[in-house]
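Examining the three-dimensional arrangement
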Amino acid sequence: MSSFPMLPRRRFLAGSAAAAGLLAAPSVARAQNRRIRIGYITALSGPRAEFGASDPWMVEQVNTLLRDGLMIDGTSHEVEILVRDNQSNVNRSASVGQELILREDVDLLLVQDLDASVATGEMSDIAGIPSISTMGPWQAWMFPRGSNPEQGFPYSFTFFWGADDAMSTFVRIWDQIDTNRVVGDFYFDNPAGQSFADTELGLPAFMAQGGYSRVPGGLFQIDTQDFSAQVARFRDGEAQIVTGFGFPPHWSTFWAQAGQAGYRPEAATFAAAFLFPSAIEALGDRGNGMSTEVWWTPNVPFTSSLTGQSAAELAAAWEAHSGRQWVQTLGYSHALFETGIAALRQSGAPKDREAVRDAIAAMSLDTMVGPVNWGGSPIRNVAVTEVAGGQWRRSSGRHAYDLVITENTLAPSISAEDVTLPLSELG
């Protein structure tokens, strides 16, 4: 595992004034009151904005749930949730992390964004603030910060599936299609993309193990708008499968340029870019058949430890409020608040940071995304959750596209609904 890309420790801190201020700042005097302050960092704007689209509504639901206070050992505590938009930017993440820790003096930090969790994770460890993050492969959260599964961290925790789980799922999706087993791959240059791209333990290694050959397309930057080089390389290399990691704007640009060049693979499985129905709809008819990792659907047999809602009920409530189709991130945003509130309750002393930290470390909780178990995990500070594989198909129902589960080896709780079909059969 240690061969995943290792970025210099404190990379995300040393390069910013926010980090320098945090490392140099004196400790903040703690107010002696029962109000609990929870910092919540998410992406509400920028390239990752879709990941936080349901968060304002989710925060509103949690605020309503806690409007009469959070009862802990017979004492009611007022709870204040401070939401900060990291604008999909690592430096902004460091800045708002410093603000929440130093100026706002939060008792708990919840982070719904991979880059933000890497940038703020070490901040929480330095300041002694318990933090929980999600929505990023755990390897991309741990290894860039210079740790390993045995060592872990003092105060920061995460729950999500592993990059290796998603990668093996991709290969099993392709095994269902008759192709020449040649794959073109390219990746966004961030911690998650670097983990996916790693030649020893990343997606290229899984391709080789599965008997697939590779046409490498390299790493790209967040503002890249020209993928013609990758298109030409994949077309000339006769890659019938395209894979990698990036966000919807990246794939949309690549796919348009591929169409213009007459490049038509039989499978397109791109991590992160195909999570959202809006991203598929933006591709028009050419969105039919995109395949992806599946984090959560309304059909999973899980319920909320906070509200008792089923996954289907949570999705229906979001759709009724927004007028939009359910999104996979909805389940994880909800589970992030489930774990945070459970830690505060189980600590017995929500203003005692060590007690809250210890409660997280010992936690085993059934949530909206299934079991989140730090206490029994062999990976320190990490609770691994399930991931499946699926394919977007045109729908005759009320949604333009439906996500059909086609691979569930690592997610037995989610039933497979069909096999993956080649793009040439879907038009």
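Residues numbered from 1 in each chain as written. Predicted model: local features only at pLDDT ≥ 70, side-chain atom pairs only at ≥ 80, totals over all residues. Heavy atoms only, no water.

Focus: the packing of helix H3 (residues 55–65) against helix H14 (residues 329–347)
It is the contact of H3 with H14, at a shortest axis distance of 10 Å, that shows an interaxial angle of 35°. Considering only the axes of H3 and H14, their crossing is right-handed. Packed against H3, whose contacting residues are Asp55, Trp57, Met58, Val59 and Val62, the element H14 presents Leu330, Ser333, His334, Phe337 and Ile341 at the interface. Of the residues belonging to the contact of H3 with H14, the class tally is 7 nonpolar, 2 polar and 1 charged. (Axes fitted to C-alpha atoms, helices over the stretch in contact; angles between N-to-C directions. Helix = DSSP H or I, 4+ residues; strand = E, 2+ residues; numbered from the N terminus. Left-handed = near helix turned anticlockwise from the far one by under 90°. Contact = heavy atoms within 4.5 Å. Nonpolar A, V, L, I, M, F, W, Y, C, P; charged D, E, K, R; others polar.)

Considering the nonpolar core
Counting residues in hydrophobic clusters, the biggest one holds 117 residues, and the most contacted among them are Phe159, Trp174, Phe196, Trp251, Phe254, Met290 and Trp296. Broken down by element, this core gets its largest block of residues, 9 residues, from H14. Those residues within four positions of Met290 in sequence are excluded, and the remaining contacts are Trp251, Trp255, Ala268, Phe274, Ile280, Leu283, Gly390, Gln391, Trp392 and Leu423. Ranked by size, the runner-up nonpolar core spans 12 residues in total, among them Ala94, Val96, Val106 and Met123. (Core = buried A, V, L, I, M, F, W, Y, C linked by side-chain atoms within 4.5 Å. Buried < 20%, exposed > 50% of the residue type's maximum accessible area, 1.4 Å probe, protein only.)

Details of the packing of aromatic side chains
Throughout the structure, instances matching the rule amount to 35 aromatic pairs. With 6.0 Å between their ring centres and 85° between their planes, Phe159 and Trp374 make a pair best called edge-to-face. On the criterion of sequence distance, the pair formed by Phe159 in strand E7 (residues 156–159) and Trp374 in the loop between strand E14 (370–373) and strand E15 (382–383) is long-range, its members being 215 residues apart. Residue class for Phe159 comes out buried when judged on its relative accessible area of 0%. Between the aromatic rings of Trp296 and Trp326, the centroid separation amounts to 6.1 Å while the plane-to-plane angle is 75°, which identifies the pairing as edge-to-face. Of this pair, Trp296 sits in the loop between strand E12 (291–294) and helix H13 (311–322) while Trp326 sits in the loop between H13 and H14, placing them 30 residues apart in sequence. Trp296 gets classed as buried once you look at its relative accessible area, which sits at 0%. Above the plane of the ring of Trp141 lies Arg145, whose end atom (NZ or CZ) is 5.0 Å from the centre. The lysine or arginine in question, Arg286, covers the ring of Trp255, its NZ or CZ lying 4.3 Å from the ring centre. (Phe/Tyr/Trp six-rings, centres within 6.5 Å; stacked < 30°, edge-to-face > 60°. Lys NZ or Arg CZ within 6 Å of the ring centre and 35° of its normal.)

Focus on the sheet that holds strand E6 (residues 131–134)
The strand order E4-E1-E5-E6-E7-E15 describes an open sheet built from 6 strands, whose pairing is parallel. The sheet is open, and its two borders are formed by strand E4 (79–85) and E15, each paired with just one other strand. For strand E1 (residues 36–42) and strand E5 (residues 108–112), the ladder comprises 5 bridges, and the chain directions are parallel. Bridged to Thr42 within E5 is Gln112. Strands E1, E5, E6 and E7 of the sheet are contacted by helix H5 (residues 114–127), whose axis makes an angle of about 160° with E5. On the sheet, helix H15 (residues 353–362) packs against E5, E6 and E7 and is oriented at approximately 30° with respect to E7. (Pairing = 2+ DSSP bridges.)

Some points on empty space enclosed by the protein
Scanning the model with the defined rule gives 4 cavities of 30 Å³ or more in all. Of the voids in this model, the largest cavity is the one considered here, and its volume is about 90 Å³. As for the largest cavity, its lining consists of 16 residues, of which Met135, Pro137, Phe245, Ala272 and Trp295 are closest to the centre. For the lining of the largest cavity, a count of residues per class yields 13 nonpolar, 1 polar and 2 charged. (1 Å grid on protein atoms, 1.4 Å probe; cavity = no way out; pocket = protein on both sides within 12 Å on 5 of 7 lines; lining within 4 Å. Points joined across faces, edges and corners; volume = space filled by probe spheres on them.)

Focus on the pairing of strand E8 (residues 182–188)
Burial analysis of E8 places 7 of its 7 residues in the buried class, the great majority of the element. Here E8 shows no split at all, with Val182, Gly184, Phe186 and Phe188 on one side and Val183, Asp185 and Tyr187 on the other all buried.

Details of the pattern of salt bridges
Enumeration over the complete set of coordinates arrives at 21 salt bridges. As a salt-bridge pair, Glu80 and Arg35 come within 3.3 Å of each other at their nearest N and O atoms. You can see Glu80 sitting in strand E4 and its partner Arg35 sitting in the loop between helix H2 (17–24) and E1, a full 45 residues away along the chain. With a relative accessible area of 24%, Glu80 lands in the partly exposed category. Classification of Arg35 as partly exposed rests on a relative accessible area of 34%. Between Arg353 and Asp105 there is a salt bridge, with the nearest N and O atoms lying 2.9 Å from each other. With a gap of 248 residues between them, Arg353 in helix H15 and Asp105 in the loop between helix H4 (90–103) and E5 connect regions that are remote in the sequence. The buried category is assigned to Arg353, whose relative accessible area is 19%. Connected through salt bridges with shared partners, the residues Arg35, Arg37, Glu78, Glu80, Arg84, Glu99, Arg103 and Glu104 form a single ionic network. (Salt bridge = Lys/Arg side-chain N within 4 Å of Asp/Glu carboxyl O.)

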